Amino acid sequence: MTADTSAASPFEASGLTVAWGGRPVLWNVDLRLPARGLAAVVGPNGAGKSTLFKAALGLAPVLTGQVRLLGEPVARVRRRIAYMPQRNSVDWDFPVSARDVTAMGLYGRVGWFRRLRRRDLEAADAALDRVGLGNYRHRQIGQLSGGQQQRVFLARALAQQAELLLLDEPFSGIDTASEAAILDVLGELEGEGRHIVCIHHDLRTVAAYFDHATVLNAVVMASGPPAEALAEDTLRRAYDASGLKPRALAAE
C-alpha cells in the first residue's frame with residue numbers, strides 16, 4: 001500500500017512542544033501522517049516517541065502547539081481511538097483474564113457501570129479469535145507470553161472498533177508467531193480503512209512492515225516513505241545526537 005498524503009491526516013501535530021521536569025522532550029514538532037498506509041515512528045531511546053503519543057492523547061503536558069486526531073481535538077474523538085501502551089507499563093499480575101482485558105474495549109459503548117451482555121462477550125471472543133487467541137480467553141493475562149499479551153491488547157482495540165490505533169512498540173520482545181499474527185491483523189485493519197501508527201524500535205524491519213516512517217529525536221528529522229526517511233545521514237544525525245549508533249548501521 002502506498003501512503004496517501006492527499007486525504008485528511010489521522011494524526012497531525014503543529015508547533016508541538018512538551019517538557020518533563022522543566023526539560024523539553026519534544027520541540028516545535030510539525031508532523032502530518034498520511035491517511036493510508038501503516039505508519040511508524042522511530043528514533044533512539046529518550047527521543048520523545050512515547051511522549052508524542054501521550055501528548056496527542058492528553059496524557060502529557062503540552063507547552064505549545066496542538067495535536068489533532070482524525071481531524072479533531074482528542075476530547076471529541078477519544079472513543080474512536082485505541083491506545084496500546086508499552087508492555088512494561090502494564091501490571092501483568094492484575095487478576096483479569098484475556099477476555100476481561102479484551103472486553104474493556106467495549107465499555108466506551110456500553111458504559112463502565114453496565115453489565116456486559118452475552119453479545120458483548122461474544123464480540124470480545126470474536127476479537128480474540130481474530131488475533132489467534134480464542135482458546136486462551138479464560139487465561140489470566142500474566143500467564144500469557146509477551147507476544148500473546150500484545151495480541152490481547154490488539155484484540156481490545158478490535159473490540160473497541162477504533163478508527164485510529166496508536167501502538168507503542170507492539171513488536172518489542174515478542175515471538176515470531178505473534179509478530180506474524182499482529183502484522184496480519186494490522187494489514188487487514190488498514191485494508192478496512194483503519195489508521196495505524198506504531199512506535200517501532202527495529203530499523204531493519206521498518207521498510208518491510210510500514211509504508212511511512214517518521215524519524216524523531218526531540219524534533220522531526222525526517223518523515224516520508226521509509227526509503228527516503230531512513231536515509232543513512234538522517235539516521236546518523238538522529239542517533240548520534242543521543243550518543244547511540246542505529247543497529248541498521250552497526251555492521252559498518
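Here the structure is shown first, and the text comes after it.
Just so it is clear, the model here is predicted, and its values are computed rather than measured. (Residues numbered from 1 in each chain as written. Predicted model: local features only at pLDDT ≥ 70, side-chain atom pairs only at ≥ 80, totals over all residues. Heavy atoms only, no water.)

Q: Which residues make up unusual backbone geometry, and what values do they have?
A: Even without being glycine, N28 reaches a positive phi, approximately 50°. With respect to the helices and strands, the residue N28 is situated in strand β2 (residues 23-32). Residue N28 is classed as partly exposed on the basis of its relative accessible area of 45%. Positive phi values are uncommon outside glycine, yet Q161 reaches one of about 60°. Along the chain, the position of Q161 falls in the loop between α6 (146-160) and β6 (164-168). (Helix = DSSP H or I, 4+ residues; strand = E, 2+ residues; numbered from the N terminus. Buried < 20%, exposed > 50% of the residue type's maximum accessible area, 1.4 Å probe, protein only.)

Q: Mind laying out the environment of G146, listing which residues take part and the relevant values?
A: Turning to its location among the elements, G146 is positioned in helix α6. With a relative accessible area of 16%, G146 lands in the buried category. Along the backbone, G146 and D175 are 29 residues apart, and their C-alpha atoms lie at a distance of 7.7 Å. Ignoring sequence-local partners within four residues, the contact set of G146 consists of R87 and I174. (Contact = heavy atoms within 4.5 Å.)

Q: Can you lay out the sheet that holds β6 for me, pointing to particular residues and giving the numbers?
A: Strand pairing in a sheet relies on backbone hydrogen bonds. The paired strands run either parallel or antiparallel. The mixed open sheet is built from six strands, whose spatial order is β5-β6-β7-β3-β8-β9. Every interior strand has two partners, whereas the edge strands, β5 (81-84) and β9 (219-224), have only one. With strand direction ignored, the average angle separating the axes of adjacent strands in the sheet is 15°. Here strand β3 (residues 39-42) runs beside strand β7 (residues 195-199); their pairing, made up of three bridges, is parallel. Bridging across to β7, A40 finds its partner in C198. (Pairing = 2+ DSSP bridges. Axes fitted to C-alpha atoms, helices over the stretch in contact; angles between N-to-C directions.)

Q: Got a sec to walk through helix α10 (residues 232-240)? Specific residues and values, please.
A: Within α10, burial applies to T234, L235, A238 and Y239. Along the long axis of α10, the arc covered by the buried residues comes to 115°, so they all point the same way. Check the buried side of α10 and you find it contacts β8 (212-217), β9 and α9 (226-229). (Arc of directions from axis to C-beta.)

Q: Go over the pairing of β8, please, and point to the residues and values.
A: Buried residues dominate β8, accounting for six of its six residues. Relative to β8, β3 is paired through four bridges, and the arrangement is parallel. Across the sheet, residue V42 finds its bridge partner in β8, namely V215. The sheet contact formed by β8 and β9 spans five bridges and is antiparallel. The residue of β9 that forms the bridge with T214 is S223. Hairpin remark: β8 followed by β9, antiparallel, with one residue in the connecting loop; positive phi at A218, about 70°.

Q: Now, about the pattern of salt bridges: what can you tell me, with residues and values included?
A: Evaluation of the coordinates by the stated rule reveals twelve salt bridges. Here R130 makes a salt bridge to E188, at a shortest N to O gap of 3.3 Å. Of this pair, R130 sits in helix α5 (residues 118-130) while E188 sits in helix α7 (residues 176-191), placing them 58 residues apart in sequence. Residue class for E188 comes out partly exposed when judged on its relative accessible area of 39%. Of the charged contacts, one joins E192 and R194 as a salt bridge, the two residues approaching to 3.7 Å between their closest N and O atoms. Judged by its relative accessible area of 45%, E192 is partly exposed. Within the structure, one salt-bridge network assembled from shared partners comprises R99, D125, D129 and R137. (Salt bridge = Lys/Arg side-chain N within 4 Å of Asp/Glu carboxyl O.)

Q: Give a detailed account of the packing of α6 against α7, specifying residues and quantitative values.
A: With their axes 9 Å apart at the nearest point, α6 and α7 run at an angle of 15° to one another. The angle between the axes of α6 and α7 places the two elements in the roughly parallel class. Taken as a pair, α6 and α7 cross one another with a handedness that is left-handed. Residue-level contacts link G147, Q148, Q150, R151, L154 and L158 of α6 to S178, A181, I182, V185, L186 and L189 of α7. Here the residues of the contact of α6 with α7 sort into seven nonpolar, four polar and one charged. (Parallel < 35°, antiparallel > 145°, perpendicular 65-115°, else oblique. Left-handed = near helix turned anticlockwise from the far one by under 90°. Nonpolar A, V, L, I, M, F, W, Y, C, P; charged D, E, K, R; others polar.)

Q: Describe α5, listing the residues and the values that go with them.
A: Counted at 1.5 Å a residue, the expected span for α5 with its 13 residues is 18 Å, and the 18 Å between its end C-alpha atoms agrees. Turning to α5, its buried residues number three or more, namely D120, A124, D125, A127 and L128. One side of α5 carries all its buried residues, which in axial view fall inside an arc of 155°. More than 90 degrees from the buried face of α5, the exposed residues found are R118 and R119. Backbone geometry just downstream of α5 places G132 in the positive-phi region, at approximately 80°. (Expected span 1.5 Å × (residues − 1).)

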